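# Analysis of the macromolecular model
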Amino acid sequence: MSQSLIGCHALVWTGNFDKAGIIDSVVRTHKAGFDLIEFPLMDPDTFDIPAARQALADTGLAVSASLGLPEDEDISSDDPAVVEAGRRRLLSAVDVAAGIGATQLCGVIYGSMRKHMDPLSEKGWANSVEALRAVADHAAAAGVSLAVEVVNRYETNMLNTGKQALRFIESLDRPVTVHLDTYHMNIEESDLFQPFLDCSAQLGYVHIGESHRGYLGTGSVDFESTFKALGRIGYTGPITFESFSSAVVSPSLSRMLGIWRNLWDDSDHLAAHANRFIRDHIAAVETISLH
Ligand code: MN
């Protein structure tokens, strides 16, 4: 874990990813002490690649990219036109990720991120597998690896547990990894320890989020188990802080995630606290893994 890059989701800073928003979020992520910034690519076609590259080069920050597919670009749809639109969206997101120097694209990239009113169909699962294989091949050629994020039942009808994600990537038969998020695990998993062990070899990305998505340590997520498990499996991938408040609004993302409450409004204070919280937990757990 000591080799893990510690990251911050860019929506801690702004919901507006124009040139100024990109530069501001990179500079403040760096100032808060993080190693990496994760950009949500909700609109990859308008993302200012040169501005991001310059800001990242100026600060030395590493970068990753994420997204949740919208309903009309859902590759787990039964409708071939919707699947094709999603496939195109993902290919374009891979190109933006590669363009800014990200080596990972994660998130809800296997279906649409929203409350579904019906269970996933068999055809939908097969459509997602077929589309994501093509995206994974394109990503591999571009030097980007994909990680599928396990999220709660209100945000997908497809991958709610680590074990479901393992079954999905097995059917993909591509080097795609599992992305676990403590906020979602706290809703769906039996505990915050065993799923990390179950996914161990396939775990490629981790989100650290509190149960109400606010300050770490002020909700019900069992972070002691989380970090002990990450230490136990010798995890070395990125560990990224994710937090949302109605104080920072992305029209496309905040509403979908149900960000209605103002849990904080000082982004700099929140982020510096999260950076210390994560690094302190890692340092403590390293002492027990030595023996
Ligand atoms: Mn997440």
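Here the structure is shown first, and the text comes after it.
Being a predicted model, the structure only gives us computed values, none of them experimental. In this convention, every chain numbers its residues from 1, walking through the sequence in written order. Two thresholds apply to this predicted model, a pLDDT of at least 70 for residue-level local features and 80 or more for giving and counting side-chain atom pairs, whereas whole-chain, interface and lining totals are computed over all residues. To obtain the side-chain values, all non-hydrogen atoms of the structure were included, while hydrogens and water were left out.

### Let's talk about the overall build of the chain
- Looking only at helices and strands, one finds ten helices and eight strands in the chain.
- Taking 291 residues into account, the globule formula puts the C-alpha radius of gyration at 19 Å, and the chain, at 18 Å, falls close to it.
- Principal axes of the C-alpha set define a box for the chain whose edges measure 50 × 45 × 40 Å.
- Among the 291 residues that make up the chain, the fraction classed as buried is 57%.
- Surface accessibility in these figures is a Shrake-Rupley result with a 1.4 Å probe; residues are shielded only by whichever protein chains are displayed. Carbon and sulfur atoms provide 50% of the accessible area of the chain, an area that totals close to 12,000 Å².
- Within this scheme the basic residues Lys and Arg register as positive and the acidic residues Asp and Glu register as negative, but His and the chain ends are omitted. Just so you know, the charge point we use is NZ for Lys, CZ for Arg, CG for Asp and CD for Glu. Mean positive and mean negative side-chain charge positions of the chain (22 and 38 charges, respectively) differ by 1 Å. What counts as a helix is a DSSP run of H or I of at least four residues, what counts as a strand is a run of E of at least two, and both are numbered from the N terminus. Between the two quantities, the radius of gyration covers C-alpha atoms and the globule rule is 2.2 Å times the number of residues to the power 0.38. Throughout, exposure labels follow a simple rule: accessible area from a 1.4 Å probe, protein chains only, divided by the maximum for the residue type, with under 20% read as buried, over 50% as exposed, and the rest as partly exposed.

### Let's talk about the coordination of the manganese ion
- Counted as coordinating are nitrogen, oxygen and sulfur atoms within 2.8 Å of the metal, or 3.2 Å for Na, K and Ca, while water is not included, which may make sites look incomplete. Each protein donor to the manganese ion is listed here as Glu149 (OE), Asp181 (OD), His207 (ND1) and Glu242 (OE); together their distances run 2.0 to 2.2 Å.
- When the donor residues of the manganese ion are listed from N- to C-terminus, their spacing reads E-x31-D-x25-H-x34-E. Placement of the pair is Glu149 in strand E5 (residues 145–149) and His207 in strand E7 (residues 203–208), with a sequence separation of 58 residues.
- By relative accessible area, His207 is classed as buried at 1%.

### With respect to the packing of helix H4 (residues 122–141) against helix H5 (residues 162–172)
- Helix axes are fitted to C-alpha atoms over the stretch in contact, other axes to C-alpha atoms as well, and angles between N-to-C directions run from 0 to 180 degrees. Packing of H4 against H5 leaves a shortest axis separation of 9 Å and a crossing angle of 60°. Our classification of the angle between H4 and H5 gives oblique. Once H4 is placed against H5, the crossing between them reads as right-handed. Residues Trp125, Ser128, Val129, Leu132 and Arg133 of H4 form the contact with H5, whose participating residues are Gln164, Arg167, Phe168, Ser171 and Leu172.
- For this scheme, ten residues count as nonpolar: Ala, Val, Leu, Ile, Met, Phe, Trp, Tyr, Cys and Pro. Four count as charged, namely Asp, Glu, Lys and Arg, and the remainder, Gly too, count as polar. Its residues assigned to classes, the contact of H4 with H5 comprises five nonpolar, three polar and two charged. Here the angle decides the label: under 35 degrees means roughly parallel, over 145 means roughly antiparallel, 65 to 115 means roughly perpendicular, and every other value means oblique. Crossing handedness follows the turn of the near helix against the far one: under a right angle anticlockwise gives a left-handed crossing, and clockwise gives a right-handed one. The contact criterion used throughout is that any non-hydrogen atoms of two residues lie within 4.5 Å.

### Description of the pattern of salt bridges
- A pair is scored as a salt bridge if a Lys or Arg side-chain nitrogen falls within 4 Å of a carboxyl oxygen belonging to Asp or Glu. Tallied over the entire structure, the rule returns eleven salt bridges.
- Across the pair Asp137 and Arg174 runs a salt bridge whose closest N-O atoms are separated by 2.8 Å. Here Asp137, found in helix H4, pairs with Arg174, found in the loop between H5 and strand E6 (177–181); they are 37 residues apart in sequence, far enough to count as distant.
- For Arg174, a relative accessible area of 26% corresponds to the partly exposed category.
- Between Arg213 and Glu242 there is a salt bridge, with its nearest N and O atoms 3.6 Å apart. Highlighted residues: Arg213 in the loop between E7 and helix H8 (223–232) and Glu242 in the loop between strand E8 (239–241) and helix H9 (254–257), separated in sequence by 29 residues. Of the two residues, Arg213 and Glu242, neither departs from the other in class, the shared state being buried.
- By sharing partners, the salt bridges in this structure join Asp24, Arg28 and Asp268 into a single network.

### What to know about helix H3 (residues 80–100)
- Each helix should span, by expectation, one fewer than its residue count multiplied by 1.5 Å. Helix length check: H3 (21 residues) gives 30 Å between terminal C-alpha atoms against 30 Å at 1.5 Å per residue, within 8%.
- Between the side-chain oxygen at the start of H3 and the backbone nitrogen of Ala81 there is a gap of 2.9 Å, and the oxygen is on Asp79.
- With its phi angle positive at about 90°, Gly101 sits one or two positions after the end of H3. Any N or O atom pair separated by 3.5 Å or less is treated as a polar contact, with the protein-specific requirement of one donor-capable and one acceptor-capable atom, and with residues adjacent in sequence counted only for side-chain atom pairs.

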